[in-house]
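# Survey of secondary and tertiary structure
Residue strings, one per chain:
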Amino acid sequence: NAGVIQTPRHKVTGKGQEATLWCEPISGHSAVFWYRQTIVQGLEFLTYFRNQAPIDDSGMPKERFSAQMPNQSHSTLKIQSTQPQDSAVYLCASSLGLNQDTQYFGPGTRLLVL
Amino acid sequence: GDSVTQTEGQVALSEEDFLTIHCNYSASGYPTLFWYVQYPGEGPQLLFRASRDKEKGSSRGFEATYDKGTTSFHLRKASVQESDSAVYYCALRSIASSSFSKLVFGQGTSLSVVP
C-alpha cells in the first residue's frame, strides 16, 4: 500500500499564476480531505469529499480556491491567481468513509508563491 | 466553534525524561479525540484516539486519557527517546452533523529530545 500520494511535492509559482495540486487517495478509500498547514494558522480544514461528492467546503476561501474529485482515484485543489499568503503545505488525507475511521495523510505539497 | 488548545509550543528534553504535553478542548457532547505525530517532510500520522470519557488511548509508550470533566486529553510518556523528536498535534472530530468528519487541530508541540 503506497499510502496517499500527493504531487508535486514542491511547487513554486509567481504571484498571479495558477497552481493545481493533485492527490491520489488510498485505494478503496471513499473519503478525501484537504487541509492547509502554515506556521501562523497551523493545520486548517479546507474541504471534504465522500464518494466523489463534495460534502463540506466550509474551510475553503471564498475566492480563487476550488477542489474537485472527478473520479475515485484522484482529487485536485486549484488555486487561481496565487498570492504570497497562499504559501503553505497543502495536505490531502483519505479514509474509508465510515463514521469512526482514521484519516491517513499524504506527505503534502509545499507551495511557495513569490 | 470547536477548538483545541495545546499549552506548550516547544518542549526540549533529554533521553529518559518524562513527557507531558497538555491538550484541552472545547466542543459539545463527546467528540472523538486524537493525538497525531508529524515528522519532517511527512504528513501527520495517527498515534491513537479515544471516544469516551475515561477511555485511555496508547501507542509506542505514549498514552492519554479522555477526561470529560476537565475537557482534557494530555499526552504522556514515561521515558522519551531521541527518535520521539517530532511535532505532536492534539485534534478532535466534532459530533456536530454539519462538520462530522473534519478534524480540528491544536497548534502543535515541537518535541526535541537530546541524547
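Our structure is the block above this text.
Summary of the structure given here. Model, not experiment: these values are computed from the prediction. (Residues numbered from 1 in each chain as written. Chains lettered and ligands numbered in written order. Predicted model: local features only at pLDDT ≥ 70, side-chain atom pairs only at ≥ 80, totals over all residues. Heavy atoms only, no water.)

## Examining a nonpolar patch on the surface
Taken together, the side chains of Val12(A), Leu112(A) and Leu114(A) make up a nonpolar region of the molecular surface, amounting to roughly 290 Å² of accessible area. Relative to the helices and strands, Val12(A) is located in strand β2 (residues 10–13). (Patch = residues over 30% accessible without salt bridge, like charges linked within 9 Å, V, L, I, M, F, W, Y side chains within 5 Å. Areas by Shrake-Rupley, 256 points an atom, 1.4 Å probe, with all protein chains shown as cover. Salt bridge = Lys/Arg side-chain N within 4 Å of Asp/Glu carboxyl O. Helix = DSSP H or I, 4+ residues; strand = E, 2+ residues; numbered from the N terminus.)

## Some words on the layout of surface pockets
The computed volume of the largest pocket comes to approximately 610 Å³. As for the largest pocket, its lining consists of 27 residues, of which Gln37(A), Ile39(A), Val89(A), Arg110(A) and Gln38(B) are closest to the centre. No other element matches the 4 residues that strand β11 (residues 109–113) of chain A contributes to the lining of the largest pocket. Of the residues contributing to the lining of the largest pocket, the split by class is 10 nonpolar, 14 polar and 3 charged. Here the second largest pocket is characterised by a volume of approximately 220 Å³. In terms of lining, the second largest pocket is formed by 16 residues, of which the most central are Ile26(A), Ser27(A), Gly28(A), His29(A) and Gln72(A). Grouping the constituent residues of the lining of the second largest pocket by class yields 5 nonpolar, 10 polar and 1 charged. (1 Å grid on protein atoms, 1.4 Å probe; cavity = no way out; pocket = protein on both sides within 12 Å on 5 of 7 lines; lining within 4 Å. Points joined across faces, edges and corners; volume = space filled by probe spheres on them. Nonpolar A, V, L, I, M, F, W, Y, C, P; charged D, E, K, R; others polar.)

## Topic: the packing of aromatic side chains
Per the stated rule, a full pass over the model turns up 15 aromatic pairs over all chains. Between the aromatic rings of Phe33(A) and Tyr48(A), the centroid separation amounts to 4.5 Å while the plane-to-plane angle is 0 degrees, which identifies the pairing as stacked. Within this pair, whereas Phe33(A) is found in strand β4 (residues 31–38), its partner Tyr48(A) is found in strand β5 (residues 42–50), the two being separated by 15 residues in sequence. For Phe33(A), a relative accessible area of 1% puts it in the buried group. Assessed through its relative accessible area of 5%, Tyr48(A) is described here as buried. Among the aromatic residues, those joined into a ring-pair cluster are Phe33(A), Tyr35(A), Phe45(A), Tyr48(A), Phe105(A), Phe34(B), Tyr36(B), Tyr89(B) and Phe105(B). Note that Lys68(B) overlies the ring of Tyr30(B), its terminal NZ or CZ placed 4.7 Å from the centroid. (Phe/Tyr/Trp six-rings, centres within 6.5 Å; stacked < 30°, edge-to-face > 60°. Buried < 20%, exposed > 50% of the residue type's maximum accessible area, 1.4 Å probe, protein only. Lys NZ or Arg CZ within 6 Å of the ring centre and 35° of its normal.)

These results come straight from atomic positions and should not be treated as a statement about function.
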